[in-house]
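Per-entry structural report
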Amino acid sequence: NVLDELSRLIQADWVTLRQARGEEQSLFLVAKAGPATMAKPPMPVLTERETLAANAFRNMETIVVNDYDSHPVASPAIVSLGMKSMVLMPLQAHGRRLGLINAVSSDKDHFTPERVRLFTAIGEGVGVLFENTRLSQELQAHTEEMAVVDEVARILSSTLDIDQVYENFAAEMQKLVTFDGAS
């Protein structure tokens, strides 16, 4: 797993991957890695209250904080988990904001310039993978819809018996849209 390897390479306690959904500014947990994630699970959703994450995502800039509990907008929830350093990087591909990847350490001054360079290099690749997965899912859904449309066209042109056409059409439409009956 990419996040497990990233956590190992930069020696982070947590690495999380979060996805933005729709027009919401909330970031939803998609994946996590690191030795602290079992004992201290990451929050499932980050909102505007987690100001650093929101700023990194909104402004499309990587943020590094190596003395988190002294930061003016430190989240009490994160401080209570004993986290001292973090790096937050927005995920993007082709200029589109996709989500956020972040790494957290219980050690102050953990994220050296070398660790941050490694983190951002891998994070950029994760953004592209994330986008490719989304595009692949969209293509698959579109392909399935087109197969149903093709089948409906075949049904409509296959017989002159209107009752048979109607039954076959309703059966195919049921694959696209759930309904109890049609008239």
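See the structure above.
What comes next is a walk through the structure. Being a predicted model, the structure only gives us computed values, none of them experimental.

Comments concerning the overall build of the protein
Within the protein one finds 5 helices and 6 strands. If you list the helices and strands of the protein from N to C, you get α-β-β-β-α-β-α-β-β-α-α. Every one of the 183 residues in the protein was classed for burial, and the buried ones make up 37%. Counting contacts in the protein only where the partners sit at least 6 residues apart, residues at least 24 apart contribute 52% of the total. Accessible surface, the protein as shown: approximately 10600 Å² in total, 54% of it carbon and sulfur.

Details of the environment of Met86
For Met86, the location among the structural elements is in strand β5 (residues 85–93). Separated by 23 residues in the primary sequence, Met86 and Ile63 have C-alpha atoms spaced 8.1 Å apart. Not counting residues within four places of it along the chain, the set of residues in contact with Met86 comprises Leu52, Ile63, Val64, Val65, Tyr68, Ile78, Ala103, Val104 and Phe111.

Digging into the pairing of strand β6 (residues 96–105)
Counting buried positions along β6 yields 8 of 10 residues, so the element is predominantly enclosed. Taken together, the 6 bridges between strand β1 (residues 14–20) and β6 define a ladder with antiparallel strand orientation. Looking at β6, one finds that Val15 is bridged to Ala103. Connecting β5 to the next strand, β6, in antiparallel fashion are 2 residues, including His94 with a positive phi near 55°.

Details of a nonpolar patch on the surface
Together, Met146, Val149, Leu176 and Val177 make up an exposed nonpolar region whose accessible area comes to about 310 Å². With respect to the helices and strands, the residue Val149 is situated in helix α4 (residues 113–158).

Let's talk about the environment of Val87
Counting through the fold element by element, Val87 comes out in strand β5. When its relative accessible area of 0% is taken as the criterion, Val87 is described as buried. Put simply, Val87 and Ala53 are 34 residues apart on the chain and 9.4 Å apart in space, counted from C-alpha to C-alpha.

A short note on the pairing of strand β2 (residues 27–33)
Here β1 runs beside β2; their pairing, made up of 6 bridges, is antiparallel. Bridge pairing in β2 places Val15 opposite Ala33. Sheet topology places β2 next to strand β3 (residues 45–46); 2 bridges connect them, and they run antiparallel. Note on β3: the bridge partner recorded for Leu27 is Leu46.

Structural notes on the nonpolar core
Membership of the largest hydrophobic core comes to 19 residues, with the highest contact counts inside it found for Leu52, Tyr68, Met86 and Leu88. Elements that contribute at least two residues to this core include exactly β1, α2 (51–59), β4 (63–65), β5 and β6. Element by element, the count of residues in this core is highest for α2, at 4 residues.

Let's talk about unusual backbone geometry
Its identity as a non-glycine residue notwithstanding, Met60 has a phi of 55°, on the positive side. Take Met60: it is sitting in the loop between α2 and β4. Of note in the backbone geometry, Asp109 takes a positive phi value of approximately 60° without being a glycine.

Concerning the packing of aromatic side chains
The description of an aromatic ring pair uses the distance of the two centres, along with the angle that the planes make with each other. With the rule as written, the count across this model stands at 0 aromatic pairs. The residue whose ring lies beneath Arg97 is Phe57, and the NZ or CZ to ring-centre distance is 4.6 Å.

Quick notes on the sheet that holds β2
Hydrogen bonds between backbone atoms are what pair the strands of a sheet, whose relative direction is either parallel or antiparallel. Spatially, 6 strands are ordered β3-β2-β1-β6-β5-β4 in an open sheet, and the strand pairing comes out antiparallel. Single-partner strands in this sheet number two, and they are β3 and β4. This element, helix α1 (residues 2–10), spans β1, β2 and β6 of the sheet and lies at about 70° to β2. Contacts from α2 reach β1, β2, β3, β4, β5 and β6, with the element oriented near 145° to β6.

The rules we used
- Residues numbered from 1 in each chain as written.
- Predicted model: local features only at pLDDT ≥ 70, side-chain atom pairs only at ≥ 80, totals over all residues.
- Heavy atoms only, no water.
- Helix = DSSP H or I, 4+ residues; strand = E, 2+ residues; numbered from the N terminus.
- Buried < 20%, exposed > 50% of the residue type's maximum accessible area, 1.4 Å probe, protein only.
- Contact = heavy atoms within 4.5 Å.
- Areas by Shrake-Rupley, 256 points an atom, 1.4 Å probe, with all protein chains shown as cover.
- Pairing = 2+ DSSP bridges.
- Patch = residues over 30% accessible without salt bridge, like charges linked within 9 Å, V, L, I, M, F, W, Y side chains within 5 Å.
- Salt bridge = Lys/Arg side-chain N within 4 Å of Asp/Glu carboxyl O.
- Core = buried A, V, L, I, M, F, W, Y, C linked by side-chain atoms within 4.5 Å.
- Phe/Tyr/Trp six-rings, centres within 6.5 Å; stacked < 30°, edge-to-face > 60°.
- Lys NZ or Arg CZ within 6 Å of the ring centre and 35° of its normal.
- Axes fitted to C-alpha atoms, helices over the stretch in contact; angles between N-to-C directions.

Don't take any of this as a statement about function, it's just geometry.
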